[in-house]
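Below, each chain spelled out in residue letters.
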Amino acid sequence: MKCYGLSADEIRKNIEKITVAVYGLGKMGLPLACVFADRGFNVIGVDINKNIVEKINSGENTVKEEEGLDELVRKVVKNKKLKAVLNSVEASKISDIHIIIVPTLLNKNKKPDLNIVKNLMEDISKGLEKGDIVITECTMPPGATESLIPILEKNGLKCGRDFGVAHCPERTSTGTAIRDISGQYPKIVGGVDEKTNEVLEGIYNIINKKGVIKTDIKTAEAIKVFEGIYRDVNIALANELAIYCEESGINAKEAFEKANTQPYCHLHNPGPGVGGHCIPVYPYFIMNKKTELTKISRKINDSMVVHVANLIIKGLNEIRKEFKNSKILILGLSFRSGVKEVRNSPTIPLIKKLKKLKADVFLYDPLFTKKEIEEYAKYKEDFENIDCIVIMTENKKFKNLNWKKSDNIVIVDTKRVLDPEKIKIYYGIGYPRRG
Ligand SMILES: NC(=O)c1ccc[n+]([C@@H]2O[C@H](COP(=O)([O-])OP(=O)(O)OC[C@H]3O[C@@H](n4cnc5c(N)ncnc54)[C@H](O)[C@@H]3O)[C@@H](O)[C@H]2O)c1
């Protein structure tokens, strides 16, 4: 059933007649497609990855870290509410709402690379019909969705007359996507006109119990990008203050926690850098000559890897161990606890740096197989013959390792997961330096 021009109430009454295409069945797209299907919409999931399409059609969840998704995929596929396909043109022809949730990347010069979205819009335009709505849910630079509307109009239809276009950003994180999509926060909806926003209100009110906040397309894009930049800048501030603390004999953890008891202070956790394909990427979507704070924050966060390497060197000096050929075990490949994701993980540049300095580098992360680990460094999960252990990600398993056996080992704890009082040779980000 075509939606552009319908009221929110009419949408609510006709859920089962509406077909939603979700283009991109990754960490965000698959949970989104399943939640739509679970609420009664007919959902076509589109992905270029044949393996993903086949697995989903057999009822298998392909985003393992998402709690509750195993059952949800099984249920909606069995009920014939979700079907995955490879062909986006064919999916476009039979759908009324088109949701794009594919990666938005940076090119070599750190400029937004929206080619995946553009190509997808070309395909969608081939099946687009009067009354359709096209939504970008993937994070977009402000102004980008509107700039791509001419692609959708290629086959003669006019946006704002025949069909609607919107940006409705995913305000979610891997691992909690179902919860977030279903109503952890209200949904930001930015349509090209009031008619589109009316439809968006109808649709997203059905899946999100916190309701919608309406705005225009460009503001919706800015909201999501700003949320990411807020995190990046605040992490940079935490990192800067943590290094100040190390050098000034102050325990940053205690100082931050106590400062945060005042309602205007929200100091974040310092760490070895910022990973993933969101927070370290979005600042570049708006970066220009005037965004000095955004720029310097990126620089500070990227430089934390050098700081970690310096803590390792300092620790090895303390035990009079030469850096060259020292055996260093890194705990944590993933950029975030509980999520199997290596994109922009600070562990990768750290490994490169340590290897360049001729250290013997080992790696362990319970989320990865031995084979996957060996793409980066030698696999090791015990402390035998190790000179230095570096914790790069929070993981419950790391806390429970046999730390009693680490008395002669330098411990560099970038996430402050261990109790410094219980470790003999402890270096932590934001922990007062020895000597
Ligand atoms: N992962 C997060 O925590 C998160 C949070 C909020 C927003 N986002 C945004 O959501 C978007 C998607 O992120 P993700 O984490 O789901 O990415 P992902 O890499 O997990 O998944 C992307 C999927 O899109 C598929 N794909 C690529 N090109 C395609 C095409 N032409 N047609 C159909 N499918 C195609 C890929 O095969 C993959 O399955 C990004 O813009 C990201 O910034 C991600």
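Look up a bit, the structure's there.
Report follows, based on the coordinates. Each chain carries its own residue numbering, running from 1 in the direction its sequence is written. In keeping with the model being predicted, local features are shown solely for residues with a pLDDT of at least 70 and side-chain atom pairs are shown and tallied solely at 80 or more, while totals for entire chains, interfaces and linings include all residues. By convention in this description, side-chain values take in all heavy atoms of the structure and omit both hydrogens and water.

**Structural notes on the site of the ligand**
Of all residues adjacent to the ligand, which total 26 residues, the nearest are Met28, Asp47, His277, Tyr282 and Arg343. Whenever two N or O atoms come within 3.5 Å, that pair is a polar contact, provided that in protein one can donate a hydrogen and the other can accept it, and provided that, for residues adjacent in sequence, both atoms are side-chain atoms. Threonine 104 has a polar side-chain atom sitting 3.0 Å from an oxygen atom of the ligand. In isolation the ligand has 840 Å² of accessible area, and contact with the protein removes 88% of it. When its residues are assigned to classes, the shell around the ligand shows 13 nonpolar, 8 polar and 5 charged. A domain-level breakdown of the shell around the ligand finds at least three residues from each of domain 1 (8-210) and domain 2 (251-428). Proximity is defined per residue: if any heavy atom of the residue lies within 4 Å of a molecule or strand, that residue is considered near it. The method behind every accessible area is Shrake-Rupley, applied with a 1.4 Å probe, and residues are considered shielded solely by the protein chains displayed. Note on residue classes: Ala, Val, Leu, Ile, Met, Phe, Trp, Tyr, Cys and Pro are nonpolar, Asp, Glu, Lys and Arg are charged, and everything else, Gly too, is polar. Annotation comment: domain bounds sourced from an automatic or database domain assignment.

**Considerations on the sheet that holds strand 4 (residues 97-100)**
By definition, the strands of a sheet pair up through backbone hydrogen bonds, in either a parallel or an antiparallel sense. Here, a strand pair is defined by DSSP locating no fewer than two bridges between the strands. Only DSSP runs of H or I reaching four residues or more are called helices, and only runs of E reaching two or more are called strands; each is numbered from the N terminus. With mixed pairing, 8 strands are arranged side by side in an open sheet as 3-2-1-4-7-8-9-10. Taken across any chain shown, the strands that pair with only one partner, and hence form the sheet edges, are strand 3 (82-85) and strand 10 (212-216). Between one strand axis and the next, the sheet turns through 25° on average, direction left out of account. By the bridge criterion, 4 bridges tie strand 4 to strand 7 (residues 133-136) in an arrangement that is parallel. From the neighbouring strand, isoleucine 99 faces strand 7, where its bridge partner is isoleucine 135. Across the sheet, helix 2 (residues 29-38) is in contact with strand 1 (19-23), strand 2 (42-46), strand 3 and strand 4; its angle to strand 3 comes to roughly 145°. Contacts are assigned to residue pairs with any non-hydrogen atoms lying within 4.5 Å of each other. For helices, the fitted axis covers only the stretch in contact; all axes are lines through C-alpha atoms, and the angles between them, taken along N-to-C directions, range from 0 to 180 degrees. Helix 6 (residues 115-127) contacts strand 1, strand 4 and strand 7 of the sheet and is inclined by roughly 165° relative to strand 4.

**As for the sheet that holds strand 12 (residues 360-364)**
Spatially, the 6 strands line up as an open sheet ordered 13-12-11-14-15-16, and their pairing is parallel. Only two strands of the sheet have a single partner each, and these edge strands are strand 13 (378-379) and strand 16 (425-428). Two strands pair when backbone bridges link them, and strand 11 (residues 327-331) and strand 14 (residues 388-391) are joined in this way by 4 bridges, in the parallel orientation. Within strand 14, the position partnered with leucine 329 by the bridge is isoleucine 389.

**Concerning the packing of aromatic side chains**
Ring geometry is summarised as follows: Phe, Tyr and Trp rings, the Trp one being its six-membered ring, pair when their centres sit within 6.5 Å, and such pairs are stacked at plane angles under 30 degrees, edge-to-face over 60 and tilted between the two. Counted under the stated rule, the structure contains 7 aromatic pairs. With centroids separated by 6.0 Å and ring planes inclined at 65°, the aromatic side chains of phenylalanine 36 and tyrosine 204 adopt a geometry described as edge-to-face. Of this pair, phenylalanine 36 sits in helix 2 while tyrosine 204 sits in helix 10 (residues 194-207), placing them 168 residues apart in sequence. The pair phenylalanine 36 / tyrosine 204 is uniform in exposure class, with both members buried. Seen from their ring centres, tyrosine 282 and phenylalanine 285 are 5.8 Å apart, and the 45° between their planes marks the pair as tilted. The residues tyrosine 282 and phenylalanine 285 share a single accessibility class, namely buried. An aromatic cluster is present here, built from Phe36, Phe41 and Tyr204 joined pairwise through their rings. Relative accessible area decides the class of each residue, using a 1.4 Å probe on protein chains only: under 20% of the type maximum gives buried, over 50% gives exposed, and in between gives partly exposed.

Function-wise, these values are silent; they only describe arrangement.
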